[in-house]
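Examining the three-dimensional arrangement
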Amino acid sequence: MSPPRRGPPVSWHRFRKPLTDGTACVFFGVNLALPVETFFNEEGKMAAIRDFMEKHFRHFNAREALDAAKAFEKHVDSGGKMLVSLAGAMSTGELGIILARMIRAGKVHAISCTGANLEEDVFNLLAHDEYEVIQDWRALSAADEQSLYDRGMNRVTDTCIPEDVMRHLEKRLVDRWSSAAEEGARRFPFEFMYGVLDDPELPQFYQTDPSNSWLLAAKEAGIPVYAPGWEDSTMGNMFSANVKMGNIAHHQCVKTGTEQFHHLMDWYLANNGQKEGLPSVGFFQIGGGIAGDFAICVVPSIIQDLQRETPFWGYFCQITDAEVSYGGYSGAVPNEKITWGKLAVDTPKFLVKSDATIVAPLIFAYILGD
């Protein structure tokens, strides 16, 4: 149960007028003892995220994040395309609130994500108000976890997803999978999801602003969403179970991971900017794992396996908290990718060692001019 809110929420527009009678600001009777310029820019307006980052992000991970944002902006403004990879549970972390804006603004042109991120964006869209947040989640006992399980609440760190929404989405997908199998049609996992989102009856079940759904934004923009290892997701598990139970005639209606890679090869060759003299595709990696490694490998495969000429990735940034280790991909530094034919020596490279749920929204907000 959430604690009671103490006082009304802060309404920042009340403080747009600059203070001129001293060097400290007072909000709701609390002297913050901070300089006025901390809150207002030279025009007397609340300082933007962009201004804040340029003023304060000067060294270490902060400087790296700012440089990555500037280079991202330069890459896209120069006509380059950008692929974003999503690991972890970024959809449950509601990264879609700002990622959807990036997609709609034409800053993101393809997504590679885990099957979990693909489905969890839709879970949030349909059941946002039924989620439960556990603030002191580290203090949960095994008995507490069992209680959550008994209530059908699946925990992702501090956020519990109700199982009901998973069954809701399963039913809609089973209908589509079954029809496709009977018709001999084959589609990618994201195409089946797009089909669900196209259902005119679906909006009545929305529990959050649809503009916060990155998958809905991707569908509207017509960009591809690759989900390598899709079978390692709730919907992937449910698909297999429904084939086994005979509700779906066979497995072949959902295209395989190798077919997704084939599609990504074609997409990269069509968007690498080589013919137009534009920058090649950039790569913005959130976390590590299969979502990142699957997509980034398309370049060495085109060059080494297809024996075709194509430019290396034209930009690279990874946000991760993984440490460099023996054999670990998620913590590998960008220069290691040079040896695999993924990046060039002069590719702009950035590695921000931090929490992606904090850093990615800041970088995206900078690019969007917030």
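Keep in mind that this is a model prediction, so the values were computed, not measured.

A few words on the pairing of strand β9 (residues 282-286). The buried fraction of β9 is high, at five of five residues. The side-chain alternation of β9 yields two buried faces, one formed by Gly282, Phe284 and Ile286 and the other by Phe283 and Gln285. Inspection of the sheet shows strand β3 (residues 82-86) paired to β9 by five bridges, in the parallel sense. By the bridge assignment for β9, Leu86 is matched with Ile286. Pairing geometry for β9 and strand β10 (residues 315-320), over five bridges, is parallel. Bridge pairing links Ile286 to Ile319 in β10.

The next thing to look at is the confidence of the model for the protein. Low pLDDT marks stretches whose predicted atomic positions should not be read closely. Summing up the model confidence of the protein, the mean pLDDT is 89 and the portion of residues at 70 or higher is 87%. Below a pLDDT of 50 lies the segment residues 1-39, which in the model reaches 44 contacts outside its immediate sequence neighbourhood of four places, other chains included.

So, on to the sheet that holds strand β11 (residues 349-353). Strand pairing in a sheet takes place through backbone hydrogen bonds and is either antiparallel or parallel in direction. Read from one edge of the open sheet, six strands run β8-β4-β3-β9-β10-β11, paired in parallel fashion. Where the open sheet ends on each side, the last strands, each with one partner, are β8 (225-226) and β11. With five bridges connecting them, β10 and β11 associate as parallel partners. When the sheet's bridge partners are listed, Gln318 is paired in β11 with Leu351.

Moving on to the pairing of strand β4 (residues 110-113). Side chains of β4 alternate between two faces, with Ala110 and Ser112 and Ile111 and Cys113 buried alike. Sheet analysis places β3 next to β4, joined by four bridges and oriented parallel. The partner of Leu83 across the bridge, within β4, is Ala110. A crossover links β3 with its parallel partner β4, the connecting element being helix α3 (residues 96-104), and its sense is right-handed.

To continue, consider the environment of Arg186. Assignment of secondary structure puts Arg186 in the loop between α6 (163-183) and α7 (189-197). In this structure Arg186 comes out as partly exposed when scored by relative accessible area, which is 33%. When the C-alpha atoms of Arg186 and His251 are compared, they prove to be 9.7 Å apart, with 65 residues separating the residues in sequence. Excluding its chain neighbours within four sequence positions, the residues that come into contact with Arg186 are Gln252, Cys253, Val254, Lys255, Thr256 and Glu259. Of note is the side chain of Arg186, whose polar atom sits 2.5 Å from the backbone oxygen of Gln252. Within the structure, Arg186 has its side chain in polar contact with the side chain of Glu259 (distance 2.6 Å).

The backbone of Thr157 sits at a positive phi, close to 60°, despite the residue not being glycine. Examined against the element boundaries, Thr157 turns out to sit in the loop between β6 (153-156) and β7 (159-162). In this model, Gln307 sits at a positive phi of 60°, which is unusual for a non-glycine residue. You can see Gln307 is positioned in the loop between α12 (298-305) and β10. Given a relative accessible area of 66%, Gln307 falls into the exposed group.

Aromatic ring pairs: the centre-centre distance and the angle between the two ring planes describe each pair. For the coordinates displayed, the defined rule picks out 14 aromatic pairs. Centroid distance Phe188 to Phe190: 5.9 Å. Interplanar angle 10°. Geometry classified as stacked. Each member of the pair, Phe188 as well as Phe190, carries the same accessibility label: buried. Put simply, the rings of Phe72, Phe284, Tyr315, Phe350 and Phe364 touch in pairs and so form one group of aromatic residues. Here Arg50 stacks its cationic end above the ring of Tyr366, 4.1 Å away from the centre of that ring. The ring of Phe188 has Lys255 lying over it, and the distance from NZ or CZ to the ring centre is 4.6 Å.

All right, on to the pattern of salt bridges then. Taken as a whole and assessed by the stated rule, the structure comprises 16 salt bridges. The residue Asp77 makes a salt bridge to Lys107 at a minimum N-O spacing of 3.9 Å. Of this pair, Asp77 sits in helix α2 (residues 60-77) while Lys107 sits in the loop between α3 and β4, and the two are 30 residues apart along the sequence. Under the relative-accessibility criterion, Lys107 is labelled buried at 17%. Of the charged contacts, one joins Arg176 and Asp199 as a salt bridge, the two residues approaching to 3.6 Å between their closest N and O atoms. One end of the pair, Arg176, is in helix α6; the other, Asp199, is in the loop between α7 and α8 (214-221), with 23 residues separating them in the sequence. Where salt bridges share partners, they join Arg63, Glu64 and Asp67 into one cluster.

Conventions used here
- Residues numbered from 1 in each chain as written.
- Predicted model: local features only at pLDDT ≥ 70, side-chain atom pairs only at ≥ 80, totals over all residues.
- Heavy atoms only, no water.
- Buried < 20%, exposed > 50% of the residue type's maximum accessible area, 1.4 Å probe, protein only.
- Helix = DSSP H or I, 4+ residues; strand = E, 2+ residues; numbered from the N terminus.
- Pairing = 2+ DSSP bridges.
- pLDDT = per-residue confidence, 0-100.
- Contact = heavy atoms within 4.5 Å.
- Right-handed = clockwise from strand over helix to strand, strands pointing away.
- Polar contact = N/O pair within 3.5 Å; in protein donor to acceptor, adjacent residues only side chain to side chain.
- Phe/Tyr/Trp six-rings, centres within 6.5 Å; stacked < 30°, edge-to-face > 60°.
- Lys NZ or Arg CZ within 6 Å of the ring centre and 35° of its normal.
- Salt bridge = Lys/Arg side-chain N within 4 Å of Asp/Glu carboxyl O.

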